[in-house]
Structures are given as structure tokens and as C-alpha cells.
Amino acid sequence: MTGPTGRHVAVLAVRPTHAAPPGVDAEEFRLALLEDTYEVVAGLELVTPALAVPLAGDSDAEAVTWPGTVIVRETALGRVFAALHALGAREAVLVAPDAPDLPPLLIGKLLRALGDAPASATPAAGGGLVALAARLPLPDWLSAALETVDLNTADALARLRTAAPRPGLVPTGPGWHRLRTPADVALLDPGLEGWENTRALLAGDPLGR
């Protein structure tokens, strides 16, 4: 589950602005998506999994994590990166909480890209980002850009690239989807392994709830 503290991957437990599919409890849907996304991160090798929650905490979100998971009480991207750096991270990836079927390979691609660039991103279908990776500490231009950009910012990638001092400093990996509208559940592939909590909830048989 865990690896060198030099690499942290954090899921952002932020409250969604979208609705759950008809007939599905909104809070259970949020937690199912979050838990499945967290399981993707927690299953990675050679990284330390983390969860970023609001300053006041989110006990339901924290309950989905494995023992020993790093909990960061910040959700603004720049502050989460700074908190992870203070914990010893030299590289970090921040992941949206509504990507339950995210292939682990895509996170690995983001980390590999940091060998040549200070940041890398996975674009989200429909705008925004699924994940953002960066070397730590953040360069000044990226830290400043993240004061007005988050993973939900529709043109986040364009803004980050505009802020960069030269082209190529924010490469992208393959894009992926997030579940931000009720219709987005159609993007889930029943034939793929994973996303068990979301799968069970949508089938009317939530795991352990």
C-alpha cells in the first residue's frame, strides 16, 4: 500500500456540486465514489496514500480510508501540496474524488512525467482535471496559479499552461472521465474490475451501508 514518503497521492474529499443519479442517496453516492477512488490510490505501489478533507474535518470521508492513511486538513490545491511537502513529500498527485474507475496506470504516467517537468495533469472529459501532479515545493508560478484554479475549473489546464514561464512545463497524460452528472454513470464499464462500492450502490446493494 505505502511506499517512500517522497511520493504522496491524495484524494480530495471535497463536497460535490452535482446531483446523484435518480433514486440514489446523494451522500451515499458521494462516499461510494470517494471510497472507490481512494482504493485506486491506496492500491498503488511505492507511494503514500493520503486524503485531503476540509479544515473542520469530514468523519464520513475519513472512515473510508485504511489505517495509517495520511489525513490533510486542507482542500485548496496549493495548500494541500504545501501540507504534503511539509510531511516530507518531494512529489505529489492530487486526485478528484469522483473518478472511481480511474486506471492506476494514469497516475503512474503523471509521476513519470515529473522526471522532465515540474507538473503534469490528467484532463477530464468535459473540462477540468482528473488529477494534477507536481514536484515539491511548488514553483512560484504554479503556486500563484493554484490560488484561482482547482480541479473543477473548466479551463484549468489552459490556465496552468498560460501561467508557466515556457511551453511544455505542464504535460498531460491520457484524459479520463469524472462522474459529475447523473448521466455520467453510463461511462462506467461493467466489464472493468474495481469501483465495487459505486457498482453495488447503483445496483441497489450498497456495500456495508
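The paragraphs below set out a description of the structure included in this document. (Residues numbered from 1 in each chain as written. Predicted model: local features only at pLDDT ≥ 70, side-chain atom pairs only at ≥ 80, totals over all residues. Heavy atoms only, no water.)

1. Observations concerning the side chain of Asp184
Then, in step 1: Following the sequence through the fold, Asp184 ends up in the loop between helix H6 (156-163) and helix H7 (196-202).
Then, in step 2: No salt bridge is formed by the buried Asp184. Its closest oppositely charged neighbour is Arg180, at 5.3 Å.
Then, in step 3: Setting aside chain neighbours within four positions, we find Asp184 in contact with Arg178 and Leu179. (Helix = DSSP H or I, 4+ residues; strand = E, 2+ residues; numbered from the N terminus. Buried < 20%, exposed > 50% of the residue type's maximum accessible area, 1.4 Å probe, protein only. Lys, Arg positive; Asp, Glu negative; His and termini not counted. Salt bridge = Lys/Arg side-chain N within 4 Å of Asp/Glu carboxyl O. Contact = heavy atoms within 4.5 Å.)

2. Here's the deal with the side chain of Asp101
Then, in step 1: Here Asp101 shows up in the loop between strand S4 (91-95) and helix H4 (104-113).
Then, in step 2: In this structure, Asp101 is buried with no salt-bridge partner, the nearest side chain bearing the opposite charge being Arg199 at 8.5 Å.
Then, in step 3: Here Trp176 takes part through its side chain, which lies 3.3 Å from a polar atom of the side chain of Asp101.
Then, in step 4: At 2.8 Å, the side chain of Asp101 and the side chain of His177 are in polar contact.
Then, in step 5: Ignoring any residue separated from it by four or fewer positions in sequence, one finds Asp101 in contact with Trp176, His177, Leu187, Leu188 and Trp195. (Polar contact = N/O pair within 3.5 Å; in protein donor to acceptor, adjacent residues only side chain to side chain.)

3. Remarks on the pattern of salt bridges
Then, in step 1: In this structure the tally under the stated criterion is eight salt bridges.
Then, in step 2: Note that Arg7 is salt-bridged to Glu91, the shortest N-O span being 2.7 Å. Remark: Glu91 occurs in strand S4 and Arg7 occurs in strand S1 (residues 7-12); sequence separation between them is 84 residues.
Then, in step 3: What makes Arg7 partly exposed here is its relative accessible area of 30%.
Then, in step 4: Salt bridges linked by common partners bring Arg15, Glu27, Arg30 and Asp58 together as one network.

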